[in-house]
Amino acid sequence: MCEQLEIVITGVSRGLGRALTEWFAARGHSVSGAARSEAVIRALKKQPGPAEAFSVLDILDRPGVEAWAASLRPPDLLICNAGVLHPDTPFVDLDAEQFDRQLDVNVKGTANVLRAVLPGMIQQGRGTVVVFTSGAGIRGYPEISGYCASKHALEGLCKSLALEIPEGMAVIPYQPGVIQTEMLLGHYGERAREYPLPQEWVESAGPALLALGPEQNGQSLRLELGG
Ligand SMILES: NC(=O)c1ccc[n+]([C@@H]2O[C@H](COP(=O)([O-])OP(=O)(O)OC[C@H]3O[C@@H](n4cnc5c(N)ncnc54)[C@H](OP(=O)(O)O)[C@@H]3O)[C@@H](O)[C@H]2O)c1
């Protein structure tokens, strides 16, 4: 890939979003991103590249998301990565607040980002949107019902948008695989250490994401690690 792309990523403070940010930037792409953790965003602003590329943002803050999107150039690639996973708990014992937060951040927060960023992409008539879903967006898993519900919703949202966007664009619900991040450590405990670190994962994920385009519009895809 020699062309320099405009790439926007949510959830850049750690895990998959942070690894992608560093991997794309190291290959000359122009990366902008956001997350809530102020200290990490401050550190990202000090790296080579424009400081305004990184913003402290909660994707639930709709006016904040709109202002952030207005400050961006419409991206060639938007990666909706930011997400949360509640502690393993049977549904009947899960607080309503915990359940609601999954839908709020993962679904409504992602929708806020899409609502704010997608019109500029549609206006320029090109661009690919990748939304990180999960195996939990395709099938059920015990004790993470809120997360499963939210990721199933994202699959549906992407498939609807894929039918609305102009030809030549793509909206793709994407399962990134199983990666040793804070999220996975919270869910799997020590067993998470069997899985690749984000810095290892990104060597497969980075090229795979750059290769996505209109041919994959609306398809539920899963990263095959090492592929
Ligand atoms: N790791 C896996 O094995 C795996 C598997 C399947 C799918 N996924 C999906 O991949 C994505 C990334 O997961 P991860 O493992 O990298 O998780 P992670 O390490 O917990 O990172 C999550 C990222 O999302 C950001 N975030 C969370 N809530 C936010 C909010 N309200 N506003 C803005 N940013 C927010 C966090 O930043 P702040 O806390 O700084 O805001 C952080 O940068 C998620 O959508 C997850 O569901 C991961």
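This is a predicted model, so every value here is computed, not measured.

Engineer: What should I look at first to understand the site of the ligand in this one?
Structural biologist: Taken together, 30 residues lie around the ligand, and Arg-36, Ser-37, Asn-81, Tyr-147 and Thr-181 are the ones closest in. In the environment of the ligand, an oxygen atom lies 2.7 Å from a nitrogen or oxygen atom belonging to the backbone of Asn-81. Its free accessible area being 880 Å², the ligand has 96% of it covered by the protein chains. For the shell around the ligand, the secondary-structure elements that each account for two or more residues are helix H1 (15-26), helix H5 (145-164) and helix H6 (182-188). The element that contributes the greatest number of residues to the shell around the ligand is H6, accounting for 3 residues. Along the lines of polarity and charge, the residues of the shell around the ligand split into 15 nonpolar, 10 polar and 5 charged.

Engineer: Please explain the pattern of salt bridges as it appears in this structure.
Structural biologist: Close approach of charged atoms allows side chains of opposite charge to pair. Following the criterion strictly, the structure yields 7 salt bridges and no others. Between Glu-155 and Lys-159 there is a salt bridge, and its shortest N-O distance comes to 3.6 Å. Here Lys-159 and Glu-155 lie together in helix H5, a separation of 4 residues that amounts to about one turn. Given the relative accessible area of 4%, Glu-155 is considered buried. Here Glu-190 and Arg-193 are joined by a salt bridge, their closest N and O atoms 3.0 Å apart. A residue is classified by how much of its surface remains accessible, and Glu-190, at 58% relative accessible area, is exposed.

Engineer: Explain the side chain of Asn-106 to me, please; I cannot follow it from the model alone.
Structural biologist: Assignment of secondary structure puts Asn-106 in helix H4 (residues 96-124). Leaving out residues up to four positions away in the same chain, Asn-106 has contacts with Gly-83, Val-84, Arg-101, Tyr-147, Ser-150, Lys-151 and Leu-154.

Engineer: Can you walk me through the state of the cysteines in this structure?
Structural biologist: Should the sulfur atoms of two cysteines be covalently bonded, the bond is a disulfide. Applying the stated criterion across every chain yields a total of 0 disulfides. Free cysteine: Cys-80, not disulfide-bonded; nearest cysteine sulfur from Cys-158 at 7.7 Å. Given a relative accessible area of 3%, Cys-80 falls into the buried group. With relative accessibility at 1%, the residue Cys-158 sits in the buried group.

Engineer: Where do I start with the pairing of strand E1 (residues 6-10) in this structure?
Structural biologist: Successive residues of a regular strand alternate their side chains across the two faces of the sheet. Burial within E1 is extensive, with 5 of its 5 residues counted as buried. Across the two faces of E1 the burial is the same, with Glu-6, Val-8 and Thr-10 and Ile-7 and Ile-9 all buried. Both E1 and strand E2 (residues 30-35) contribute to a ladder of 5 bridges, which runs parallel. Its bridge partner being in E2, Ile-9 is matched across the sheet by Gly-33. With respect to chirality, the unit in which E1 leads through H1 into the neighbouring parallel E2 is right-handed. With 3 bridges joining them, E1 and strand E4 (residues 77-80) adopt parallel strand pairing.

Engineer: Even after reading the chapter, I still don't get the packing of H4 against H5, so can you show me in this structure?
Structural biologist: Relative placement of two packed helices is described by the angle separating their axes and the distance separating the axes. Direction vectors running N to C along H4 and H5 enclose 20°, while the axes themselves pass 7 Å from each other. Comparing their axes, H5 and H4 come out roughly parallel. Read as a crossing pair, H4 and H5 show a hand that is right-handed. On H5, the residues touching Phe-99, Gln-102, Leu-103, Asn-106, Val-107, Thr-110, Ala-111, Leu-114 and Leu-118 of H4 are Ser-145, Gly-146, Tyr-147, Ala-149, Ser-150, Lys-151, Ala-153, Leu-154, Leu-157 and Leu-161.

Engineer: I'm lost on the packing of aromatic side chains in this one. Help?
Structural biologist: Any two aromatic rings considered together are summarised by their centre-to-centre distance and by the angle between their planes. Scanning the model with the defined rule gives 5 aromatic pairs in all. Ring centres of Phe-91 and Phe-99 lie 5.7 Å apart, and the angle between their planes is 75°; on these two criteria the pair is classed as edge-to-face. Relative to Trp-201, the ring of Phe-132 lies with its centre 6.3 Å away and its plane at 85°, an arrangement referred to as edge-to-face. With Phe-132 in strand E5 (residues 127-132) and Trp-201 in helix H7 (residues 198-210), this residue pair connects regions lying 69 residues apart in the sequence. In this pair, the class of Phe-132 matches that of Trp-201, namely buried.

Procedures and definitions
Residues numbered from 1 in each chain as written. Predicted model: local features only at pLDDT ≥ 70, side-chain atom pairs only at ≥ 80, totals over all residues. Heavy atoms only, no water. Near = heavy atom within 4 Å. Polar contact = N/O pair within 3.5 Å; in protein donor to acceptor, adjacent residues only side chain to side chain. Areas by Shrake-Rupley, 256 points an atom, 1.4 Å probe, with all protein chains shown as cover. Helix = DSSP H or I, 4+ residues; strand = E, 2+ residues; numbered from the N terminus. Nonpolar A, V, L, I, M, F, W, Y, C, P; charged D, E, K, R; others polar. Salt bridge = Lys/Arg side-chain N within 4 Å of Asp/Glu carboxyl O. Buried < 20%, exposed > 50% of the residue type's maximum accessible area, 1.4 Å probe, protein only. Contact = heavy atoms within 4.5 Å. Disulfide = S-S within 2.5 Å. Pairing = 2+ DSSP bridges. Right-handed = clockwise from strand over helix to strand, strands pointing away. Axes fitted to C-alpha atoms, helices over the stretch in contact; angles between N-to-C directions. Parallel < 35°, antiparallel > 145°, perpendicular 65-115°, else oblique. Left-handed = near helix turned anticlockwise from the far one by under 90°. Phe/Tyr/Trp six-rings, centres within 6.5 Å; stacked < 30°, edge-to-face > 60°.

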